[in-house]
Amino acid sequence: MLSFLVFGCISNEKIIYLQNLEDKNPISDDELITYKIPEYKLQYNDIIDVNIQTVEDMTQFGFNNMPPQMNSQMGNVSAQSGGDIYYMTGYSVDEKGNIRLPIVGEIYVRDKSLEEARMDIEKKLREYVKSELYVKVKLGGVRYSALGEFRKPGKYVVLQDRMTIFEAIANAGDLTTVAKRSEVLLIRQYPEGTRLHRIDLLDRQIVASPFYFIQPNDQLYVEPMKVRESGTGENTAQTLALLFSGISAVALILNLIN
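This one's a predicted model, so the numbers in the text were calculated from it and none came from an experiment.

Novice: Which parts of the structure should I look at to understand the overall build of the protein?
Specialist: Helix and strand counts for the protein come out as eight helices and twelve strands. Burial status across the protein gives 36% buried among its 258 residues. Contacts spanning at least 24 positions in sequence make up 63% of the contacts within the protein whose residues lie at least 6 apart. Total accessible area computed for the protein in this model is approximately 15800 Å², and 54% of it derives from carbon and sulfur atoms.

Right, here's the structure in full:
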């Protein structure tokens, strides 16, 4: 019975995030962690928001470049499409690395930063527009997938420029109790292809790692612990309930046989 309780329950050490592990350099609570976020390069299937304003646009509509009723209509589209408003209004990077804009046509943006893409778009526009221009280019949100032992697995779109891996996990309802937090699989897209990375969410060193921030089109997969395979409970109460249920069933069978 004792061994069943020991091996059937999940210890706190397996579910607590950001621990100072024994074999790693400790990070104190007040320590400043510095990091360099690599400049994101646009890839196939990315969606970017291109906002173009002339002096006339700013005079008529202000800096938003659209009438108030258009803002409300875009909000309705956002609600109906699960928050992915830029799928309806943005520009997708095709297989050849191009986006297609009205009038100017195709512009190559793959493997370029947002600033580089903005400069190329503005240069192309100046062939058609002679007045002053203001061009703004942003990512159409951070898209990622959460698979496996999440409480709400699925595909998500977060309308912000960047987010941490813990924000992504929280957005998917956190991990279940039986999730193997020490071996999270991150599938990340690179210009040259796809790479698989193993991440330990129990280790506080992840905050200083290059995988602390989620990138567009990342996929997170979390496997279950072996406790799920054995069919035991996630905590002591569930394990005891299963244990006594089994004992009762055996006693009932023996009583019927006798």
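That shown, we press on.
Novice: Help me understand the packing of aromatic side chains, please; the structure alone is not making it clear to me.
Specialist: Two measures describe an aromatic ring pair: the distance that separates the ring centres and the angle between the ring planes. Under the counting rule described, the total for this entry stands at four aromatic pairs. Here the aromatic rings of Tyr212 and Phe213 are separated by 5.2 Å at their centres, their planes lie at 75°, and the arrangement is edge-to-face. The burial state of Tyr212 is the same as that of Phe213; both residues are buried. Three or more aromatic residues joined by ring pairs form one cluster here, namely Tyr17, Phe166, Tyr212 and Phe213. Directly above the ring of Tyr190 sits Arg195, whose terminal nitrogen or CZ lies 4.9 Å from the centroid.

Novice: Would you take a moment to explain the pairing of strand β3 (residues 98–101) for this structure?
Specialist: Side chains on a regular strand alternate between the two faces of the sheet. Pairing of β3 with strand β4 (residues 105–108) involves four bridges; the strand directions are antiparallel. Bridge assignment links Ile99 to a residue of β4, and that residue is Ile107. The turn joining β3 and β4, which pair antiparallel and follow one another in sequence, is formed by three residues; a positive phi near 75° is taken by Ile103.

Novice: Help me understand the sheet that holds strand β2 (residues 91–92) in this model?
Specialist: The pairing of strands in a sheet comes from backbone hydrogen bonds and takes either a parallel or an antiparallel form. Strand order in this open sheet of three strands is β2-β1-β5, and the pairing throughout is antiparallel. Strand pairing shows two members of the sheet lacking a second neighbour, β2 and β5 (133–139), which therefore form its edges. Note that strand β1 (residues 47–54) and β2 share two bridges and pair antiparallel. The partner of Ile47 across the bridge, within β2, is Ser92. Running over the sheet, helix α5 (residues 114–125) touches β1 and β5 and is turned about 145° from β5.

Novice: So what exactly am I meant to see when it comes to α5 here?
Specialist: Residues lying three or four places apart along an α-helix face the same way, a consequence of the helix completing one turn every 3.6 residues. In this model α5 runs 16 Å from its N-terminal to its C-terminal C-alpha over twelve residues, within 8% of the 16 Å that 1.5 Å per residue would give. Inspection of α5 places Ala117, Ile121, Glu122 and Leu125 among the buried residues, and these make up the whole buried set. Projected onto a plane normal to the axis of α5, the buried residues spread over an arc of 130° and lie on a single side.

Novice: What is the right way to look at the sheet that holds strand β6 (residues 142–148) in this model?
Specialist: Read from one edge of the open sheet, five strands run β7-β6-β12-β9-β10, paired in mixed fashion. Of all the strands in the sheet, just β7 (154–158) and β10 (193–199) have a single pairing partner and so form its edges. Averaged over all neighbouring strand pairs, the angle between strand axes comes to 20°, with direction disregarded. Pairing of β6 with β7 involves five bridges; the strand directions are antiparallel. Note that in β7 the partner of Ser145 across the bridge is Lys155.

Novice: Would you explain the nonpolar core in this entry?
Specialist: Tyr144, Phe150, Ile165, Ile199, Leu201, Ile214 and Leu220 are the most contacted members of the largest nonpolar core, which has 26 residues in total. Those elements that provide at least two residues to this core are β6, β7, α6 (165–171), β9 (184–190), β11 (213–214) and β12 (218–222). Setting aside its immediate chain neighbours within four residues, Ile165 contacts Ile199, Leu201, Ile206, Phe211, Tyr212, Ile214 and Leu220. One finds Tyr40, Ile107, Val135 and Val137 within the second-largest nonpolar core, a separate group that totals 17 residues.

Novice: I keep staring at the side chain of Ser145 and nothing clicks. Help me out?
Specialist: Mapped onto the fold, Ser145 is located in strand β6. In this structure Ser145 comes out as buried when scored by relative accessible area, which is 16%. Ser145 has contacts with Gly154, Lys155, Asp218, Gln219 and Leu220, leaving out every residue within four places of it along the chain.

Conventions we followed
Residues numbered from 1 in each chain as written. Predicted model: local features only at pLDDT ≥ 70, side-chain atom pairs only at ≥ 80, totals over all residues. Heavy atoms only, no water. Helix = DSSP H or I, 4+ residues; strand = E, 2+ residues; numbered from the N terminus. Buried < 20%, exposed > 50% of the residue type's maximum accessible area, 1.4 Å probe, protein only. Contact = heavy atoms within 4.5 Å. Areas by Shrake-Rupley, 256 points an atom, 1.4 Å probe, with all protein chains shown as cover. Phe/Tyr/Trp six-rings, centres within 6.5 Å; stacked < 30°, edge-to-face > 60°. Lys NZ or Arg CZ within 6 Å of the ring centre and 35° of its normal. Pairing = 2+ DSSP bridges. Axes fitted to C-alpha atoms, helices over the stretch in contact; angles between N-to-C directions. Expected span 1.5 Å × (residues − 1). Arc of directions from axis to C-beta. Core = buried A, V, L, I, M, F, W, Y, C linked by side-chain atoms within 4.5 Å.

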